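Inside the fold
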Amino acid sequence: MKIFKRILLALLILIVVVAGGIYFWIKSTAPDYSGKLHLKGLQQETSVVYDKYGVPHVYAQNAHDAYFAFGYAHAQDRLFQMVMMRRLMEGRLSQILGKDLLPTDKYMRTLSIDKMAKVSAERFMKEADLPTKERVEAYVAGINSFIANGTLPLEFTMLNFKPEKFTVKDVFGIIGYMSLTFTSALSEDPMVTKMFDKLGPKYMKDLSIDTANYKASPEQALLSNIFQDIRSTQQRIPIPVWEGSNNWVVNGSHSKSGKVLLANDTHIQFSQPSVWYEAYIQYPGYDLYGYYLAGVPFALVGHNDYIAWGLTIFPFDNMNLYAEKPNPDNPNQYWYKGQWMNDSIDKQMIPVKGEKPVPFEVRYTVHGPIMNQVYHDVTNKPDTPVSLWWAPLHLKTTSLEALYDLNYATNLEGFEKAMPLIDVVGLNVVYGDKDGNIGWWATGKIPKLPPYVHTHMILDGASGKDDVLGFYPFDKNPQAVNPKDGILNTSNNTPPAVDGVVYPGYYFEGYRARRVRALLESKPKWTLDGMKKIQLDTHSNRDMRLVQLILNNIGPYDARSKFVQELQNWDGNYDTASVGGTIYTELLYFVLRDAMQDEVGDTMFHKLCGSMLLKNNIEKLLDDQDSPWWDNVNTKAVETRSDIFKQAFAETQTALRNQLGDDVSQWKWGKVHQVLYVNPLGRKPPLGKIFNVGPFPIQGSNEVVDKQAFAYNGRGVYAVSSGPALRFLIDFADTHHALSIIPTGQSGNVLSPHYADQALMYVQGRYRVQITQKDELKKGTVLKMFPEK
């Protein structure tokens, strides 16, 4: 018995020791926000002071050490995010995640972002100014110093791999990948083609499809398939997909302080960790507070004492497809401008975890990579190679120099110099400064095509007649500086014409842009508190009007019922306590379902419910009482709009009572509209309890200023897929106390206290101060860095 007890005690002690060891090892993988480090590559003593939300404030004695220390700090919070974005760009996910990621690797290799990155990095290292190169190299060296000296986060142990060193090429690869996710053209759904083929032009009118010029386009299907693959990949790894944004700036005549006010909220698909990483960098002659992407040394949004700027997507069309003419006697040749040309062939091997490497080759024409092998249905003619022309593949990007110039500008002239250098992505940049200037530039290299070319069709690759002629000069990009009315705002809406031409693109309908503009014009003077209310605005004039349209067209109803009263009295706001918002959203779903599902089928209707195509055209459809969509093709009767409205009205009451109970006052928006920030490792139970953040009830809706987007559905639960990934406000009367918030937290390390410490603040509509004065960081933790002894 004694022996048994001793054995039991020994086992217990062993379990405690092992458990304790595991606990302390896991704890050791948390970021170090204090202490001392001696690092090879550092030149002089440098301090990183972390504020209460984990924002690093880098204080260095020279530029090299500032960017080295920032790279180290950035990596210890976001290394896994950096590594996964690099592997995605290179087409090497299956090496660590297995064969299921092989299709993703193949299409990323076909898109050739890594090839573009190599070419751009080579040009950069040869041609860029020395200060720009030195800062990029110092940042990369800082990342590598953390890889060599820091404790890697848990994900690397769980996936059983170690990260390789970073290079300057990797920075360009991440920028290249960002240009793909910023390309809103990819969001057009392939069902447009299928609907056109099946239903004909009369059904397309209410979806704003120009049937006079529109033809069923395999290009749309391909571009959308690429986008859908990106979205699918984003479900697995922490990479951002941009889905909108708002920014605006007003001059001093519109502010109580008499100074410029600027606001920005970038709308990006939610994930965990957050997309943006905030940091403040200071060394003699330089300081900047900015928002950074993982693996990029310069801020994309930011401010100093002199200037501030913010971004939204300028979604012009920068992709085309070309049908090539193959040589029937030589599969490696194609016809171009009167002669046979040889394919350029890049033979590769894709490493796959637990499998033999998979051979793969990418073929190129003068237009770009041939897409058939990764998208077999790109054309109805299987023997016709189809190549993708995508602007970034034909540019040796100067985007990194542009970001450098933005970060180092101190006045309008210096800032404006950077605008033409933004090339591979369309961005609406708004600007303000201490001198009272405001500006807006729609940036990016806009392709110039022959006037007869319809970019939604596969173009003729053989003759050369449909080729891109070049790019418009930057002075032909939409832009404005110091307009007379003192207001500039963008929300991915259609820009004004230039020389009578509106550049082709995939613009949002304009509800957010018009709402922001109306609010800004509603009173003469604004403060940051007022700007908060605009950023957090959830009101929809459109939806209030559609409620009345439906009620006016359903015939007699019981006006005394609580259901009807909540709908009639709804103020059009989507706050979490709103009942009218819940009823209207469910009612709208049933109207759309009863109108469209019989024509398009279940699968296609499900896709429609999450598409920009439908969301942009809801008002147009419901306004058209003669639309063919109202008739149910499965019945002998000819249904009218009133019939569909009446049917949906009854279905909504039944569905909501079944879902939320008979007490209508409890049908609150926050119960059905919630956000969950999902970490890639949190997609498999029980890890979601550890790595995911939320769910939280949250205000907002589709196409209101506080756009917390979701897909309409019959479940009556609206999971938010994207929303503001940052909220930023600044008054030039006090540049040291700009306001900010990000959705979850600074760190991607689950053991960090800053993994999710902003999550509740965000959903509650609160902000924190961006500290830029060192004496306000007295309670911050300090990580001291010294040169290696």
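So, here is what we can say about the structure in this document. Computed from a prediction, not measured in an experiment: that's the story for all the values here.

About the criteria used
Residues numbered from 1 in each chain as written. Predicted model: local features only at pLDDT ≥ 70, side-chain atom pairs only at ≥ 80, totals over all residues. Heavy atoms only, no water. Helix = DSSP H or I, 4+ residues; strand = E, 2+ residues; numbered from the N terminus. Buried < 20%, exposed > 50% of the residue type's maximum accessible area, 1.4 Å probe, protein only. Contact = heavy atoms within 4.5 Å. Polar contact = N/O pair within 3.5 Å; in protein donor to acceptor, adjacent residues only side chain to side chain. Salt bridge = Lys/Arg side-chain N within 4 Å of Asp/Glu carboxyl O. Pairing = 2+ DSSP bridges. Axes fitted to C-alpha atoms, helices over the stretch in contact; angles between N-to-C directions. Expected span 1.5 Å × (residues − 1). Core = buried A, V, L, I, M, F, W, Y, C linked by side-chain atoms within 4.5 Å. Parallel < 35°, antiparallel > 145°, perpendicular 65-115°, else oblique. Left-handed = near helix turned anticlockwise from the far one by under 90°. Nonpolar A, V, L, I, M, F, W, Y, C, P; charged D, E, K, R; others polar. Phe/Tyr/Trp six-rings, centres within 6.5 Å; stacked < 30°, edge-to-face > 60°.

Some details on the environment of Y283
By the secondary structure assignment, Y283 is in strand β6 (residues 277-283). For Y283, a relative accessible area of 9% puts it in the buried group. Separated by 221 residues in sequence, Y283 and N62 have C-alpha atoms that sit 5.7 Å apart. Sequence-distant contacts of Y283, defined by excluding residues within four places in its chain, comprise A60, Q61, N62, A63, A66, Y67, R135 and Y408. At 3.2 Å, the side chain of Y283 forms a polar contact with the side chain of R135.

Here's the deal with unusual backbone geometry
The omega torsion of the bond from Q272 to P273 falls at 10°, within 30 degrees of zero and hence cis. Topologically, P273 is positioned in the loop between β5 (261-269) and β6. Following G694, the chain continues to P695 via a peptide bond in cis, the omega torsion being 5°. Backbone geometry places N160, a non-glycine residue, at a positive phi of 60°. Among the secondary structure elements, N160 is positioned in the loop between α7 (154-159) and α8 (168-181).

A short note on the pattern of salt bridges
Applying the stated criterion across every chain, the model contains 33 salt bridges. For E164, the salt bridge is made with R87, and the minimal N-O distance between the two is 3.7 Å. Here E164, found in the loop between α7 and α8, pairs with R87, found in helix α2 (residues 63-90); they are 77 residues apart in sequence, far enough to count as distant. The class for E164 is partly exposed, based on a relative accessible area of 32%. In this structure R87 comes out as buried when scored by relative accessible area, which is 4%. Residue K532 is joined to D529 by a salt bridge in which the shortest nitrogen-to-oxygen separation is 3.5 Å. With K532 and D529 both in helix α15 (residues 528-535) and three residues apart, the pair spans about one turn of that helix. When salt bridges that share partners are traced, they join R86, R87, E90, R92, D114, K118, E164, K169 and D170 into one network.

Comments concerning the sheet that holds strand β17 (residues 427-433)
Read from one edge to the other, the open sheet built from eleven strands follows the order β1-β31-β2-β3-β6-β7-β8-β9-β17-β18-β22, with strand pairing classed as mixed. The sheet terminates laterally at β1 (35-39) and β22 (479-481), the two strands that pair on one side only. Each strand of the sheet is rotated relative to its neighbour by a mean of 20°, with strand direction disregarded. For strand β9 (residues 307-313) and β17, the ladder comprises seven bridges, and the chain directions are antiparallel. Pairing of W309 across the sheet is with Y431, part of β17.

Considering helix α22 (residues 641-660)
Along its 20 residues, α22 runs 28 Å from first to last C-alpha, staying within 8% of the 28 Å computed at 1.5 Å per residue. Taken together, the buried residues of α22 touch α16 (541-551), α17 (562-568), α18 (580-600) and α21 (618-623). Downstream of α22 by a residue or two, G661 has a phi angle that is positive, lying close to 95°.

Observations concerning the pairing of strand β10 (residues 319-323)
Two faces, one strand: in a regular strand the side chains alternate between the faces of the sheet. Most of β10 is tucked away: four of the five residues are buried. Pairing analysis gives five bridges linking β10 to strand β16 (residues 386-390), with the strands arranged antiparallel. If you follow A323 over to β16, its bridge partner there is V386. Pairing analysis gives two bridges linking β10 to strand β20 (residues 459-460), with the strands arranged parallel. Among the inter-strand pairings, A323 is bridged to a residue of β20, identified as D460.

Structural notes on the nonpolar core
Y67, L79, W276, L400, F415, M419 and M785 are the most contacted members of the largest nonpolar core, which totals 144 residues. Ranked by residue count, the leading element in this core is α2, at 17 residues. Excluding residues that lie within four positions of it along the chain, M785 makes contacts with L37, L39, L42, Q44, E45, T46, V48, A69 and Y72. Formed by 55 residues, the second largest nonpolar core is a distinct cluster that contains L207, V600, M604 and W630.

Regarding the sheet that holds β20
Spatial strand order, β16-β10-β20: three strands in an open sheet with mixed pairing. Of all the strands in the sheet, just β16 and β20 have a single pairing partner and so form its edges.

Quick notes on the environment of P273
A residue is classified by how much of its surface remains accessible, and P273, at 4% relative accessible area, is buried. For the pair formed by P273 and V750, sequence separation is 477 residues and the distance between their alpha carbons is 9.1 Å.

A closer look at the side chain of S722
Take S722: it is sitting in strand β27 (residues 722-724). Not counting chain neighbours up to four residues away, the residues in contact with S722 comprise E243, I268, Q269, F270, K707, Q708 and A709.

Structural notes on the packing of α18 against α22
Where α18 meets α22, the closest approach of the two axes is 8 Å, and the angle between their N-to-C directions is 130°. In terms of their interaxial angle, α18 and α22 are classed as oblique. The hand of the α18/α22 crossing is right-handed. Contact with α18, carried on its side by T582, I583, E586, L587, F590, V591, R593, D594 and A595, involves I644, F645, Q647, A648, F649, E651, T652, A655, L656, Q659 and L660 of α22 and no other residues of that element.

Digging into the packing of α2 against helix α6 (residues 130-149)
Between α2 and α6, whose axes approach to 6 Å, the crossing angle comes to 50°. Compared by their axis directions, α2 and α6 come out oblique. Crossing geometry of α2 relative to α6 is assigned as right-handed. Here α2 contributes A63, H64, Y67, F68, F70, G71, Y72, H74, A75, Q76, L79 and M82 to the contact with α6, which in turn contributes R135, A138, Y139, A141, G142, I143, S145, F146 and I147. Grouping the constituent residues of the contact of α2 with α6 by class yields 14 nonpolar, six polar and one charged.

Focus on the packing of aromatic side chains
Summed over all chains, the structure comprises 41 aromatic pairs. With centroids separated by 5.8 Å and ring planes inclined at 75°, the aromatic side chains of Y67 and F298 adopt a geometry described as edge-to-face. Linking Y67 in helix α2 with F298 in the loop between β7 (286-292) and β8 (301-303), this pair joins segments that are 231 residues apart in sequence. A single burial state applies to Y67 and to F298, both of which are buried.

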